[in-house]
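Structural features, examined
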Amino acid sequence: KQWYQQSTGSFKLYQHYKSITFIEVMVVIGSISQPFQTEKKTCVKDASTLCLLRINKIQRYLVDNNIEGFVAVNGIDSRYNPDCRHLINFILFGCSMYKSGSFSKYFDIDTDEIVMVIKPSKVVLYVTHNQIKTILPFLVKVHDLQIHCLGANISSDENIVEDHKVYSFISMTQGINTIAVPYSNDSNDFDPMVIEKWPLLQAYALEDYGSQGFFGLTHKLLPLNFEKLPVFSDFDLGSLKHLLKDTSVLLNFQWNTMIKNVSNMIKSGSLDNCLDKAVDPVVSYLEHGNQTGDVNDATVFGLENHAVTRKPFFITCSVEEVPSSLTCGRTYFIHDNVDSSDLVLLSSIYDAMAATTHRTIQRFLNTQNASKLLQYFTKKFTEKLSTYKYPQLVNFKASSVKIEVSLEAFDVKGNKVSSNSKSSMKVFGATISNISSLQNAKVVYKPLIFQDTFFESHIMVKNDDVSADDSELLIVTDVIPTYVQWNHFGEKNEDSVPCSLLCNDVNTYEAMFKLENSTIEITSPYSTLLQIRINDLKEIRVKRSGSISVAVHIEHSSNCLPPFLKRFCLVFWQRGKGVRFTTDTLLPLFREYNIPESTENLPSDFLLRYENIVTVKTNDVGNLGTSDDGRMIESSYLLTLPLHLTSC
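These numbers were taken from a predicted model, which means no experiment stands behind them. (Residues numbered from 1 in each chain as written. Predicted model: local features only at pLDDT ≥ 70, side-chain atom pairs only at ≥ 80, totals over all residues. Heavy atoms only, no water.)

**Quick notes on the overall build of the chain**
Scanning the chain for helices and strands turns up 17 helices and 26 strands. Among the 648 residues that make up the chain, the fraction classed as buried is 53%. Residue pairs at least 24 apart in sequence account for 65% of intrachain contacts in the chain once pairs closer than 6 positions are excluded. As displayed, the chain offers around 29,800 Å² of accessible surface, 48% of which is attributable to carbon and sulfur atoms. (Helix = DSSP H or I, 4+ residues; strand = E, 2+ residues; numbered from the N terminus. Buried < 20%, exposed > 50% of the residue type's maximum accessible area, 1.4 Å probe, protein only. Contact = heavy atoms within 4.5 Å. Areas by Shrake-Rupley, 256 points an atom, 1.4 Å probe, with all protein chains shown as cover.)

Dropping the structure here:
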């Protein structure tokens, strides 16, 4: 305590360590501060929180099952038992990748001599003098922690060290009658003699240490398959962070690479013969991560031709990342610049399906009832589709299609669990089939699909003796483009101006804009050509951000574009390569065509996204306005994790 009070920032560290009891007075307290000076400080800080949460879950399991203690012995004293090593690595460092014990992201930590005993209200740890400097920072938040450790002045004597370890183990397990040990095999073939052969347990029975008999006779040993415990299968802060920062980012990158490949093949006219090559990035990514089965079981790619032209019309893509079961499904369209009746029909159905999927997920979040999701989805889908006033949909009846929905829940290892599980990842998917062509009644198109993966978080809030459920939703696959439409025609016009395009999904795309001959042409995303006649414009709304950018929200009444392009926002950057429009030149150009300009601000959904991308762009002013056709830029919303931490 005196040493802490004399150190810089000592009080905070002392508060962390106040619940730790050092059994051996020879521990050099001052050496503990060293890890806090390393570059891994943030990493260790996060790990200490996860360590606390995981230990608390194990302690709750012990209480619920009337088990008095949990013992894990690492290294040669357990004959290098892989289950003990896995358990210790998982608790301390959050390593859950099977039994590899890989935790190089923290630094090379030797855990071979660690002995850990977890009791319902206490944690007892044996470590060597060299280990305590790196192990203790992971445990600083654990309550009622006892540590057995020798000081540096005598830790070089191997005989003393071995004797001290045995005495420590006897003290750590004293008074515990029922002890669980890690055992990943079937408990029916559990043989206590396998545990009894551990060198540390054999030393326990020696008379030199005041033997009270064989360890298996003085304690009741219980095999515990720790991989089936909730602490190992539930999503927590660590596993969720890994999914968001690693797994979903990689899937998103490969998915967008696939979209670029499809765009290039459409331009070359080879898509119908080379779809396998177009989707190769996603398939290769899944094959590298798959360790359990055939990757074909986790991917569904389909290409459907137009009923009249027989050219590629739409692509369905459903991917389940192995082994996490992170799932995403989308349908993307290809425009052939002919009669667009079927394009309007299918894209309207898909747009209504995507919007209804998110409403249905929110419904499940509020009700926690999965039994009536199909009825709810069908009702809201029909209502949404009826809001589209396209001439092509006048005679279409939503009841003529077949609707299927599914809700599945997965644990951190990709195993299916109950949909009521609060600590699981959930996947909601919708499939709509039996869609007949408007241009050829004999043709029935393949099903349209849409799938999203999400997490839910709940806490009970009590206010004035009234309890209410405060819930939050995080859709992980929101960053995967919801809408993509390509075309079989049109190359980038050199007279066009670069801008950013904000559609109904959460992504922002780089686009090319041109206003000529009373027609607005926008080429993006991925070579899509949007053509809007000036006479079809309802209004424009303008938002300026100083001399950085000007945003134009456009709403139109054209019946030639799918519903997700009925309204969108263009952002023109006023610095950088290719800039031709500024605040002073853009608006007069619109006024020249007598386009009605509204005095209202941007709609709230677009306003937040616009402000976010302005913040992102201004951090790299030199790149403002640069264009790379078909390339998606920074996600246009701020990712927040709606996680609730319950009391530890």
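**Here's the deal with the nonpolar core**
Nonpolar side chains in soluble globular proteins generally cluster together in the buried interior. Among the nonpolar cores identified, the biggest contains 63 residues, and Leu346, Ile349, Met353, Phe381, Phe513, Ile520 and Leu570 are the most heavily contacted of them. Every residue in contact with Leu570, bar those within four places of it in the chain, is listed here: Cys499, Ser500, Leu501, Phe513, Ile522, Val550, Ala551, Val552 and Ile554. (Core = buried A, V, L, I, M, F, W, Y, C linked by side-chain atoms within 4.5 Å.)

**Regarding the packing of aromatic side chains**
Throughout the structure, instances matching the rule amount to 17 aromatic pairs. The interplanar angle of 40 degrees and the centroid separation of 6.2 Å between the aromatic rings of Phe377 and Phe428 together place this pair among those described as tilted. In this pair, Phe377 is assigned in helix 15 (residues 373-386) and Phe428 in strand 13 (residues 425-433), connecting sequence segments 51 residues apart. Of the two residues examined, Phe377 and Phe428, each falls in the buried class. With 5.2 Å between their ring centres and 80 degrees between their planes, Phe513 and Phe572 make a pair best called edge-to-face. With a gap of 59 residues between them, Phe513 in strand 20 (residues 508-516) and Phe572 in strand 25 (residues 567-573) connect regions that are remote in the sequence. Taken individually, Phe513 and Phe572 each receive the classification buried, so the pair is uniform in this respect. Ring pairs connect the aromatic residues Phe313, Phe314, Phe333, Tyr350, Tyr445, Phe450 and Tyr483, which therefore count as one cluster. Stacked on the ring of Phe90, the Lys or Arg Arg54 has its end atom at 4.2 Å from the ring centre. (Phe/Tyr/Trp six-rings, centres within 6.5 Å; stacked < 30°, edge-to-face > 60°. Lys NZ or Arg CZ within 6 Å of the ring centre and 35° of its normal.)

**A word on the packing of helix 14 (residues 341-367) against helix 15**
For the pair helix 14 and helix 15, interaxial distance at closest approach is 9 Å and the crossing angle is 135 degrees. Between helix 14 and helix 15, the interaxial angle falls into the category oblique. The handedness of the crossing between helix 14 and helix 15 is right-handed. On helix 15, the residues that touch Ser348, Ile349, Asp351, Ala352, Met353, Ala355, Thr356, Thr357, Arg359, Thr360, Arg363 and Phe364 of helix 14 are Leu373, Tyr376, Phe377, Lys380, Phe381, Lys384 and Leu385. Its residues assigned to classes, the contact of helix 14 with helix 15 comprises ten nonpolar, four polar and five charged. (Axes fitted to C-alpha atoms, helices over the stretch in contact; angles between N-to-C directions. Parallel < 35°, antiparallel > 145°, perpendicular 65-115°, else oblique. Left-handed = near helix turned anticlockwise from the far one by under 90°. Nonpolar A, V, L, I, M, F, W, Y, C, P; charged D, E, K, R; others polar.)

**Regarding the pattern of salt bridges**
Should their charged atoms come close, side chains of opposite charge can pair. Tallying each qualifying case throughout the model produces nine salt bridges. Here Arg85 and Asp112 are joined by a salt bridge, their closest N and O atoms 3.6 Å apart. Separated by 27 residues along the polypeptide, Arg85 in helix 4 (residues 82-93) and Asp112 in the loop between helix 4 and strand 3 (115-119) bring together distant segments of the chain. Between Arg330 and Asp452 there is a salt bridge, and its shortest N-O distance comes to 3.1 Å. Here the residue Arg330 occupies a position in strand 10 (residues 326-335), and Asp452 occupies one in strand 16 (residues 448-463), the gap between them amounting to 122 residues. By relative accessible area, Arg330 is classed as buried at 0%. Asp452 gets classed as buried once you look at its relative accessible area, which sits at 0%. A network of salt bridges, in which partner residues are shared, links Asp77, Glu113 and Lys165. (Salt bridge = Lys/Arg side-chain N within 4 Å of Asp/Glu carboxyl O.)

**Looking at the side chain of Thr360**
Looking at the element boundaries, Thr360 is found in helix 14. When neighbours within four sequence positions are excluded, Thr360 is seen to be in contact with Leu373, Tyr376, Phe377 and Phe428.

**Comments concerning the environment of Tyr388**
With respect to the helices, strands and loops of the structure, Tyr388 is situated in the loop between helix 15 and strand 11 (402-410). It is 9.9 Å that separates the C-alpha atoms of Tyr388 and Ile349, two residues lying 39 residues apart in sequence. With near-sequence residues (within four places) excluded, Tyr388 lies in contact with Ser348, Asp351, Ala352, Leu393 and Pro563.

**Comments concerning the confidence of the model for the chain**
Of all residues in the chain, 76% attain a pLDDT of 70 or more, and the chain-wide mean is 75. Long-range and interchain partners of residues 1-19, a stretch whose pLDDT sits below 50, account for 20 contacts in this model, where long-range means more than four residues apart. (pLDDT = per-residue confidence, 0-100.)

**Details of a negative patch on the surface**
Side chains of Asp157, Glu158, Glu162, Asp163, Glu207 and Asp208 sit close together on the surface and give a patch of like negative charge. Along the chain, Glu207 turns up in the loop between helix 8 (199-204) and helix 9 (215-218). (Patch = residues over 30% accessible without salt bridge, like charges linked within 9 Å, V, L, I, M, F, W, Y side chains within 5 Å. Lys, Arg positive; Asp, Glu negative; His and termini not counted. Charge placed at Lys NZ, Arg CZ, Asp CG, Glu CD.)

**Things to note about the state of the cysteines**
Here, disulfide denotes a covalent bond that connects the sulfur atoms of two cysteines. If you walk through the whole model with that rule in mind, you get zero disulfides. The thiol of Cys317 is not disulfide-bonded; the next cysteine sulfur, from Cys328, is found 7.4 Å away. You can call Cys317 buried: its relative accessible area is 1%. Unpaired in terms of disulfides, Cys569 finds its nearest cysteine sulfur in Cys499, a separation of 9.7 Å. (Disulfide = S-S within 2.5 Å.)

**Structural notes on the pairing of strand 2 (residues 69-73)**
Both faces of the sheet carry side chains from a regular strand, because those side chains alternate between them. Among the five residues of strand 2, five are classified as buried, and the element is accordingly described as predominantly covered. Side chains Gly69, Val71 and Val73 of strand 2 all project onto a buried face; the interleaved residues Phe70 and Ala72 project onto the opposite face, where all are buried too. Where strand 2 lies against strand 3, four bridges are found, and the strand directions are antiparallel. If you follow Ala72 over to strand 3, its bridge partner there is Met116. (Pairing = 2+ DSSP bridges.)

**Focus on the side chain of Ser348**
Looking at the element boundaries, Ser348 is found in helix 14. For Ser348, the side chain forms a polar contact with the main-chain oxygen of Val344, separated by 2.5 Å. Leave out the neighbours within four places in its chain, and Ser348 touches Leu343, Leu385, Tyr388, Tyr390, Leu393 and Pro563. (Polar contact = N/O pair within 3.5 Å; in protein donor to acceptor, adjacent residues only side chain to side chain.)

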